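# Examining the three-dimensional arrangement
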Amino acid sequence: MSTKSHWDKIYREKSPNEVSWTQEVPVTSIKFFEKFKIDKSSPIIDIGGGESRFVDYLIKNEYKNISVLDISINAINRVKDRLGKDSDSVNWIVSDINDFNPRIQYSFWHDRAVFHFLTDQNQIKKYVDLVSRNISNNGYLIIGTFSEQGPLKCSGLQVSRYSESLIKTTFIESFTLLNSFRIDHSTPFNTTQNFLFSVLKKINV
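Now for a description of the structure that goes with this document.

## Remarks on the overall build of the chain
When you go through the chain residue by residue, the secondary structure sums to 6 helices and 9 strands. Rg of the C-alpha trace for the chain: 16 Å, near the compact-globule value of 17 Å for 205 residues, within the 12% margin. Within the span of the chain, comprising 205 residues, buried residues form 52% of the whole. Sequence separation of at least 24 residues holds for 68% of the intrachain contacts in the chain that already meet a minimum separation of 6. Split by element, the accessible area of the chain, about 10,300 Å² in all, is 46% carbon and sulfur.

Shown next as structure tokens:
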């Protein structure tokens, strides 16, 4: 099964309380975002948005240049249905991150749990090149990955686990690591996953 077919099947067959990544309110992402006081018209993208409610927060707070990318059209359609007319204000992108070719640079790039699904070194390098080219100077990259104490798999797929030092060295050519810390995510079925959240700033290169 292809990666796209895998995720389309997940979002076709499972409800939010049947998948581990569900958050009623993405508190950690929102706290990071609010620290940087992003201009209301700045380009913002949520990578692997799935059914995340981060986009709800952005719309509610009147951000005007929002994009959401997900590999699954089923995931995006679910969010559109939830948002109703508000979905018209969002740029929806159906794409595998490995195939994404942005036409603009973003001021804020949010990725909660896509990057850690890249396990091949060539894919990881391609992602690093992607964000290096497509985040504006002094823009922010927020990445949530499984920590070294996190699970080895998610949704039946192998993942890469990260430490603060590994995140720093992976993105060191174009980004400065501002902050990194671990949190426990409680899943809808009462298990715990340890995440590493990292905040990086694009340097002038």
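That shown, we press on.
## Concerning the environment of Thr191
Among the secondary structure elements, Thr191 is positioned in the loop between β8 (175-186) and β9 (192-202). We classify Thr191 as partly exposed; its relative accessible area is 37%. Here the alpha-carbon distance between Thr191 and Thr169, two residues 22 residues apart in the chain, equals 31 Å.

## Considerations on the packing of aromatic side chains
Two numbers describe a pair of aromatic rings. These are the distance of the centres and the angle of the planes. According to the stated counting rule, one finds 18 aromatic pairs in the structure shown. Taking 4.8 Å as the distance between ring centres and 40° as the angle between the ring planes, the aromatic pair formed by Phe115 and Tyr127 counts as tilted. Of this pair, Phe115 sits in the loop between β4 (106-112) and α5 (121-134) while Tyr127 sits in helix α5, and the two are 12 residues apart along the sequence. Take Phe115: its relative accessible area is 0%, and that puts it in the buried class. Since its relative accessible area comes to 2%, Tyr127 is described here as buried. Chaining the aromatic ring pairs together yields one cluster made of Phe100, Tyr106, Trp109, Phe115, Tyr127, Tyr162, Phe171 and Phe175. Directly above the ring of Tyr63 sits Lys40, whose terminal nitrogen or CZ lies 4.3 Å from the centroid.

What counts as what
- Residues numbered from 1 in each chain as written.
- Predicted model: local features only at pLDDT ≥ 70, side-chain atom pairs only at ≥ 80, totals over all residues.
- Heavy atoms only, no water.
- Helix = DSSP H or I, 4+ residues; strand = E, 2+ residues; numbered from the N terminus.
- Rg over C-alpha atoms; globule rule 2.2 N^0.38 Å.
- Buried < 20%, exposed > 50% of the residue type's maximum accessible area, 1.4 Å probe, protein only.
- Contact = heavy atoms within 4.5 Å.
- Areas by Shrake-Rupley, 256 points an atom, 1.4 Å probe, with all protein chains shown as cover.
- Phe/Tyr/Trp six-rings, centres within 6.5 Å; stacked < 30°, edge-to-face > 60°.
- Lys NZ or Arg CZ within 6 Å of the ring centre and 35° of its normal.

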